[in-house]
Structure formats: C-alpha cells, structure tokens
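Inside the fold
The lines below spell out each chain.
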Amino acid sequence: MGLVPERKVEETTVNKEKELIERARQKDTRAFAALVELHQERAIHTAYSFIGNFEDARDIAQDAFMKAYDHLDTFKGESRFFTWFYRILANASKDFLRKKKVRQHLSFWFGPQGEEDYDPMEKLAVTHKTASDSAIDRETESQVFEAMNHLPYRQRLAFCLRYLDGLSIEEISQSMAISVGAVKANIWQAVQKMRHYLGNTIEI
Amino acid sequence: MDEEKFKQIDEKLMAKFKSQRDKKVPWEIMKGFSASVENKLRERDQKTFVFRPSRAWLPAAVPVFAVMVLASWVVLRTPATVAPVVSPAVQVAAPLPVVTQLAQVSSPIENADMAEEIAALREIGAWTDDDQDAIGAIDELDLEQVELSDLNSQTARHLA
C-alpha cells in the first residue's frame, strides 16, 4: 500500500479547482461554496495574520470571498486561485484596518458609546494593567501586532505574508504584483521599523 | 540591504514565527463558513432580482388614462350605446315603483336609459345600495355603466 504521490494529489486539486471556477463563473453558488471550502482555512488564517483575531478574520475572509465571486471573470487562470485571491483578501484586510483605526481613534477620544466626558487617559491605565496580567505568548503576540499597526500597508502585507502566512518570496511577488527585490525591500524596512518600535521588549 | 544579511534575518524570523504560522483556525470559526458564504450570495442574488417596475412611464401615462376615462364617459353617455339585456328572471325583495320599472327593461336603448336614470337618482341621493341589490343580478356591462354613473355622481357631489 503506497501513498498517493503528492504531485498527483496536487494535480487533482488543481483540476478540481478549475472545474469549480468554471461553474462558479456561470453563477453556480454551490460550486463556489465548494471552492470556498477548499481555501477557507487558509483564507481565515491569512486574514488572522493581518489583524490578530479570528472572529474579525472570519468576517474579512467572508467579505473577500464574496468579492471574489463578483470578480471571477477577471481571474485569468494563469496562477493558482489563491494567489489571485490573496490580493482581494489583502484589500479587504486593509479596508478593515482602516475602519478599525478610525473607530479606535474616535473611541479613544469619545469613548465606545461616544460620551463627551470620557477620559482616554483613564482607559490607557486600565489597558496597561490588564496587559501585564496576560500570558507571555499572548502579550508577545499582541505587541507584535501592535508594532505592525505602525507599518505602512505594503510593508505590513509583505511581512505578514512571509512570516505569519509562510509564503515564499516569489509567491508574495505574484500576490502583490511587485518584483522579488521590492518584496525583500518591503520586508527589510518592516523589520527595521518594528525593531525601532519594540525596542528591547521583543527581539526581532 | 545586504543579500546575506537579509537571508540571515529571514531565516531567523521564519523560525521565530513558526508557532504563529502553525496556529490552527478554531473549529468554531470554520464551522458553517462556506455554507454561510453560499447563503449570503443567494440572498443577495435574490434581492437584486426583485422586480421593480420602472416609474418612468408614469408621467406619460397620466394624460393617456385621462383621455381613456373621458372617452369612456362620452361613449357611455351616448344614447346609441349597445347594452346587454337584463335577465327577466330576476326576483326582487320589495317591489318599488322604480325597481319594478327597471326589472322590465330589456332593450338596449332602455338599458341605456336605465343607467342614466340610476345615475340621476344617485345624484340626488335617491338610489341606494338596497335599491341596487333589489334589482338583482345584472349584466356586467350594466354594472359597469352603473358604476361609472355612480363615479360621475360622486364626482359631481364632491365638486358641489
């Protein structure tokens, strides 16, 4: 009894994917749902690597899949579906982060309910106290995500795709539609900025 | 940026964040995900398919309808209009002079007169629903004539 060669499994998956995409283009929602099932875990994980929590990552991934359904006609089939889908997912994450920043900003100054007498300094003290009680892994994770919040979008994307999602430099280059050199440059700059932000807290 | 330095940092960070990459998506997050996407797409497709008749035709249709109503009124008021015969077998509950007269009408000219008379009676409030019921089943055309007359009388009362 031998194992099915990995290459054969890969070919079967690719063929199945092509067939599902073709049917989904004809507005077959069931076929598209089957395509989603093939990629859902990876999509949620990738979104998670951008933003740091699974609940929001699920919403972002769902939103991205729906946009992908609307724009399937633009998928040429020259690369794998997920390479093309990454761009949509990245944009959806970017939109989420932008809205989150605005919400956080408003929430910081006006409180979560928009109260006028809300004191943001009070909230900061509470947050600090809570963070020190957390487990080390969780704290490190949250500090890394906090540091990533200060990165420009492209540097953050390149950093996340490489170290939190495990894509190769070539795959990132395809997803971001930039050269391999530009990917490396973005990653390099991201690392320098995060080192500066994190200081001696975490070694990067 | 040194290629060698980049390679060193790259390897170091790949090792450092391995646990993050290997983190599994919780089952409760994945549960029903693809079905949820499918349902949302179907709901959205159904919503976009809702038939909404264009109202662009409305302004143009108003004068057309007005002309149709006026023409109908003119045609119906013309004595030569042919009307179907009222059934002679109609039973009346309480014989009233006007009702008896109307029940005996059978010719087209007389039917037209009947409609006029009913209209006139309605105008002065002398023709009620009870009177209408008393003359029994009448042909659809007659009913239409009466209704139109009624409409005209109501309009006349309103204008008055």
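Please read these numbers as outputs of a predicted model, since none were measured by experiment.

1. Some words on the overall build of chain B
Counting secondary structure elements, chain B contains nine helices and zero strands. Starting at the N terminus and walking to the C terminus, you meet the elements of chain B as α-α-α-α-α-α-α-α-α. The 160 residues of chain B split such that 28% are buried. Counted over contacts in chain B with a minimum sequence separation of 6, partners at least 24 positions apart contribute 73%.

2. Here's the deal with the packing of aromatic side chains
According to the stated counting rule, one finds 14 aromatic pairs over all chains in the structure shown. The interplanar angle of 85 degrees and the centroid separation of 6.0 Å between the aromatic rings of Phe75 of chain A and Phe81 of chain A together place this pair among those described as edge-to-face. Comparing Phe75 of chain A with Phe81 of chain A, the two get one shared label, buried. Look at Phe159 of chain A and Tyr163 of chain A: their rings are 5.1 Å apart centre to centre, the planes differ by 65 degrees, and that puts the pair in the edge-to-face class. Taken together, the positions of Phe159 of chain A and Tyr163 of chain A, both in helix α7 (residues 153-164) and four residues apart, correspond to about one turn of that helix. As far as the burial class goes, Phe159 of chain A and Tyr163 of chain A line up, both buried. Taken together, Phe32, Phe65, Tyr69, Phe75, Phe81, Phe82, Trp84, Phe85 and Tyr86 of chain A together with Phe33 of chain B form an aromatic cluster joined through their ring pairs. One residue, Lys94 of chain A, lies across the ring of Tyr153 of chain A, its end atom 4.8 Å from the ring centre.

3. Here we look at the pattern of salt bridges
Under the criterion given, the structure shown has 13 salt bridges over all chains. Taking the shortest distance from any N to any O, the salt bridge between Arg44 of chain B and Asp70 of chain A comes out at 2.5 Å. A residue pair is termed interchain when its members come from two chains, as with Arg44 of chain B in helix α4 (residues 33-48) and Asp70 of chain A in helix α3 (residues 54-70). Residue classification places Arg44 of chain B among the partly exposed positions, given a relative accessible area of 26%. Note on Asp70 of chain A: relative accessible area 36%, which makes it partly exposed.

4. Description of the environment of Leu76 of chain B
Residues and elements named next belong to chain B. In this fold, Leu76 is placed in helix α5 (residues 58-77). For Leu76, a relative accessible area of 29% gives the class partly exposed. C-alpha of Leu76 to C-alpha of Glu116: the two residues are 40 residues apart in sequence and 9.4 Å apart in space.

5. Re the packing of α7 of chain A against helix α1 (residues 3-16) of chain B
Close contact between α7 of chain A and α1 of chain B brings their axes to 9 Å; oriented N to C, the two are set at 65 degrees. Touching Phe159, Arg162 and Tyr163 of chain A of α7 of chain A are Asp10, Leu13 and Met14 of chain B, all from α1 of chain B. Grouping the amino acids of the contact of α7 of chain A with α1 of chain B by side-chain chemistry returns four nonpolar, no polar and two charged.

6. A word on α1 of chain B
Over its 14 residues, α1 of chain B runs 20 Å from end to end, which matches the ideal 20 Å to within 8%, given 1.5 Å per residue. Among all positions in α1 of chain B, only Phe6, Ile9, Asp10, Leu13 and Met14 of chain B are buried. Take α1 of chain B and look down its axis: the buried residues cluster within an arc of 135 degrees, on one side only. Opposite its buried face, α1 of chain B presents the exposed residues Lys5, Gln8, Glu11 and Ala15 of chain B, each directed more than 90 degrees away. Looking at the buried positions of α1 of chain B, the neighbouring elements they touch are α7, α8 (169-176) and α9 (180-198) of chain A together with α2 (18-21) of chain B.

7. Overview of the interface of chain B and chain A
A common way to report how large an interface is uses the accessible area buried once the components associate. Listed as interface residues are 32 residues of chain B and, on the opposing side, 39 residues of chain A. Contact between chain B and chain A buries roughly 3600 Å² in total, counting both sides, with carbon and sulfur atoms accounting for 65%. For chain B, the biggest contributors to the area lost against chain A are Phe6, Ile29 and Phe33 of chain B; these three give 17% of the whole. Taken together, chain B and chain A are joined by four salt bridges. With its nearest N and O atoms 3.6 Å apart, the salt bridge here joins Arg30 of chain A to Glu38 of chain B. The element that contributes the greatest number of residues to the side of chain B that touches chain A is α4 of chain B, accounting for 10 residues. A per-class count over the side of chain B that touches chain A returns 13 nonpolar, four polar and 15 charged.

Cut-offs and rules
Numbering of residues starts from 1 in every chain and runs along the sequence as written. Naming scheme: in the order in which they are written, chains are lettered from A and ligands are numbered from 1. Two thresholds apply to this predicted model, a pLDDT of at least 70 for residue-level local features and 80 or more for giving and counting side-chain atom pairs, whereas whole-chain, interface and lining totals are computed over all residues. Heavy atoms from the whole structure form the basis of all side-chain values; hydrogens and water molecules are not counted. Think of it this way: any DSSP run of H or I at least four residues long counts as a helix, any run of E at least two long counts as a strand, and we number them from the N terminus. Throughout, exposure labels follow a simple rule: accessible area from a 1.4 Å probe, protein chains only, divided by the maximum for the residue type, with under 20% read as buried, over 50% as exposed, and the rest as partly exposed. Every residue pair with non-hydrogen atoms within 4.5 Å of one another is taken to be in contact. Only centres within 6.5 Å qualify two rings of Phe, Tyr or Trp (six-membered ring in Trp) as a pair; their planes then separate them into stacked at under 30 degrees, edge-to-face at over 60, and tilted for everything else. Comment: the charge-over-ring label is applied if NZ (Lys) or CZ (Arg) is within 6 Å of the ring centre and within 35 degrees of the ring normal. The term salt bridge refers to a side-chain nitrogen of Lys or Arg lying within 4 Å of a carboxyl oxygen of Asp or Glu. Angles shown run from 0 to 180 degrees and are taken between the N-to-C directions of axes, each axis being a line fitted to C-alpha atoms and, for helices, limited to the stretch in contact. Charged means Asp, Glu, Lys or Arg here, nonpolar means Ala, Val, Leu, Ile, Met, Phe, Trp, Tyr, Cys or Pro, and polar covers whatever is left, Gly included. Expected helix span is given by 1.5 Å per residue-to-residue step, counting one fewer step than there are residues. An arc is given here, and it is the one of the directions from the helix axis to the C-beta atoms. Note on definitions: buried area is the accessible-area loss of two parts on being combined, 1.4 Å probe, summed for both.

Coordinates in, geometry out; function isn't part of it.
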